[in-house]
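Geometric and topological summary
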Amino acid sequence: MGYEMLLIKSPHRMESRKLGLALLVGFCIGVVTSFISITLSTAEQQFSLAYGARANPSPEINLHPHISGRSATGVIRMKQTSSSTNYAAHSTGQTKDDAVELASGKETEEANHGENEAERVQHTTQKQEAIESKPPGIGDRFNEHIGFERGEATKAACDLSNPRTDVCELHGDVRIHGKSSSVVLVSADREPRNPERRQSWQIKPYARKFDKAAMAHIQQVSVRSSNGLGDDVPRCTANHSVPAVVFAIGGYSGNYYHDFTDVLVPLFITSRRFDGEVQLVIGTTKLWWISKYEPILRKLSRYEIVYSGSDDRVHCYPHAIVGLHSHKAMSIDPARAPNGYSMVDFTRFMRSTYSLGRDSPIRLGDDGGRKPRLLLIPRQGTRRFTNFREIVGVVEESGFEVVVAEAKMGSKVAEVARVVNSCDVMMGVHGAGLTNFVFLPTGAVIIQVVPFGNLENISRSCFGYSSEDAKLHYLEYSIREEESSLIEQYPRDHPVFKDPKSIHRKGWNKMGEVYLDKQNVKLDVNRFRPLLLKARQLLHR
């Protein structure tokens, strides 16, 4: 009570003027003290939050590979898990039209099925990471000392979760030195950063990641981010205003099927969205490959090709994609493709590239009596028809005009494309020649003859699902033991006939030797005839 009484009693001893002044000073001191206390507390909290966010990035979350969320620091982390596993494929490395092209270089049919499972389930337990920094108030221009100064965010995002391919997409000041196979994304913010924000990846830009034999000789590309401080950033010697797509031609390139499934279809997915305003940076020594597919490459890019292995310049771009997007064997998933591209778009693109005149097949009943044309692929090597003339006869009896053609070494793609596009039905034994379905008119028919030996899944994976994705009518004919030349080589109670899966379990080489390299086909034309009638019915639709 003494203290309280003192406060109450003491004013009676003060003069009124002094009392007013003292009250005013005391009030002001109290207000200032409270303001300082609140400001310091708020600043401490904000600093704590900001530092905590940088030091402890948000935890990884499960997301679709093409959907990302942005954290407060600009660091995006994505992770996917699945029970699927990558398998090691074994191959002889051949490029002839006999073995390698048929089942996409997989060791067994089970491995082939495993790839399809990986495509459906999607992805392994590898991380996808993106790094982003936003420079304040910088215009969109190039500076010879520091590269591109851009008002937009500098961003690197690498998707390592796809079992078919690894892809990095970089936005900002991107510098590519082909001779050293290095790609650097330089941040426009020159302030030192947390080391976690300077990331690096090693990418093999060939869309067959699951196949170790195919990937063994693909040159690795180093992709990294840098804040530009130090001597580790190359100086630009060639400046470009369009994006770049960096990829390799290797693996099984040179095999017609693999040229499409491993390179041309993924390249379409990756680069078509730019409508020619993109530059291709290609790692290859196969200049004949470039010449063979030059019309396609020129249609995708209006700019000269940069050959990364021999080019010692430092090319600078505002945007670059390292690696090619790939969804499934010889096809496109519109849900994952830019602009919703599909195999229908790819085949339309191919017809445009080679100036092919037919977008739709004949429609029986509206043709003035003209016969539909059936392209019959004879094959000169293994898996050939041994009763070819008899087959031609039954095809003609079924109301078709027969066209016999097979691309040979040195054949121009344009010549093959014109022949295929002139036909309404294409028929052949499982092999690379069926890749030419990409030139058929939309709505045409493809007939795949599947050799004996439990090869249906392999055959459908290569040409069945993809041709249906292209809106073609797919028909399949699996031969019996009696139609296979294997009956002349093995007794009928041999595992080759009784247990084909046991042959598959011996590995790709053994399976291929028996069912692909040693087998020819004598088609049972009476059994096959109803399929030809089915093809005609489809052309009535």
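To be clear, the structure that these remarks concern was listed above.
Because the structure is a prediction, the values reported are computed rather than measured. (Residues numbered from 1 in each chain as written. Predicted model: local features only at pLDDT ≥ 70, side-chain atom pairs only at ≥ 80, totals over all residues. Heavy atoms only, no water.)

Overview of the overall build of the protein
For the protein, the count of helices and strands is 15 helices and 20 strands. A total of 541 residues make up the protein; the buried ones form 52% of that total. Within the protein, contacts between residues separated by at least 24 positions form 74% of all contacts whose residues are at least 6 apart in sequence. Of the roughly 25,100 Å² that the protein leaves accessible, carbon and sulfur atoms contribute 52%. (Helix = DSSP H or I, 4+ residues; strand = E, 2+ residues; numbered from the N terminus. Buried < 20%, exposed > 50% of the residue type's maximum accessible area, 1.4 Å probe, protein only. Contact = heavy atoms within 4.5 Å. Areas by Shrake-Rupley, 256 points an atom, 1.4 Å probe, with all protein chains shown as cover.)

Observations concerning the pairing of strand β13 (residues 279-283)
Of all the 5 residues making up β13, 4 are buried; the element is thus mostly covered by neighbouring parts of the structure. Bridging between strand β12 (residues 244-248) and β13 involves 5 bridges; their strand directions are parallel. Along β13, the bridge assignment pairs V245 with L280. Each parallel crossover has a hand, and for β12 linked through helix α5 (residues 256-271) to β13 it is right-handed. The pairing of β13 with strand β14 (residues 306-307) spans 2 bridges and is parallel. Each residue of the ladder has a partner; that of I282, found in β14, is Y307. (Pairing = 2+ DSSP bridges. Right-handed = clockwise from strand over helix to strand, strands pointing away.)

Thoughts on the sheet that holds strand β17 (residues 401-404)
Pairing is parallel in the open sheet, where 5 strands are placed in the order β17-β16-β18-β19-β20. With one partner strand each, in any of the chains shown, β17 and β20 (473-478) form the two edges of the open sheet. Mean inter-strand twist for the sheet, computed between neighbouring axes without regard to direction, equals 20 degrees. As paired elements, strand β16 (residues 373-376) and strand β18 (residues 425-429) share 3 bridges and run parallel to each other. (Axes fitted to C-alpha atoms, helices over the stretch in contact; angles between N-to-C directions.)

Here we look at the nonpolar core
With 64 residues, the main nonpolar core has F247, F260, F346, M426, F437 and F439 as its most contacted residues. For this core, the leading source of residues is α5, giving 9 residues. In this structure, F346 is in contact with F260, L264, V265, F268, I332 and V438, ignoring residues within four places of it in sequence. Core analysis: the next-biggest nonpolar cluster, separate from the first, contains 43 residues, I447, I479, W508 and V521 among them. (Core = buried A, V, L, I, M, F, W, Y, C linked by side-chain atoms within 4.5 Å.)

Describing the environment of Y474
Relative to the helices and strands, Y474 resides in strand β20. A relative accessible area of 16% means that Y474 is categorised as buried. Sequence separation between Y474 and A535 is 61 residues; the distance between their C-alpha atoms is 9.2 Å. A distance of 2.7 Å separates a polar atom in the side chain of Y474 from a polar atom in the side chain of Q448. A distance of 2.7 Å separates polar atoms of two side chains, one belonging to Y474 and the other to E476. (Polar contact = N/O pair within 3.5 Å; in protein donor to acceptor, adjacent residues only side chain to side chain.)

Quick word on the pattern of salt bridges
For the structure on display, the rule yields 20 salt bridges. A salt bridge links D166 to K209, with the nearest nitrogen and oxygen atoms 2.7 Å apart. Here K209 lies in the loop between β9 (200-203) and α4 (212-215) and D166 lies in the loop between β6 (154-159) and β7 (167-177), a separation of 43 residues in the sequence. One exposure class covers both D166 and K209, and it is buried. The closest approach of N and O atoms between E294 and R298, which form a salt bridge, is 2.7 Å. (Salt bridge = Lys/Arg side-chain N within 4 Å of Asp/Glu carboxyl O.)

Some thoughts on the packing of α5 against helix α8 (residues 343-353)
Packing of α5 against α8 leaves a shortest axis separation of 10 Å and a crossing angle of 90 degrees. Between α5 and α8, the crossing angle belongs to the class labelled roughly perpendicular. Here F260, L264, V265 and F268 of α5 lie close against α8, whose contacting residues are D345, F346, F349 and M350. Among the residues making up the contact of α5 with α8, the classes are represented as 7 nonpolar, no polar and 1 charged. (Parallel < 35°, antiparallel > 145°, perpendicular 65-115°, else oblique. Nonpolar A, V, L, I, M, F, W, Y, C, P; charged D, E, K, R; others polar.)

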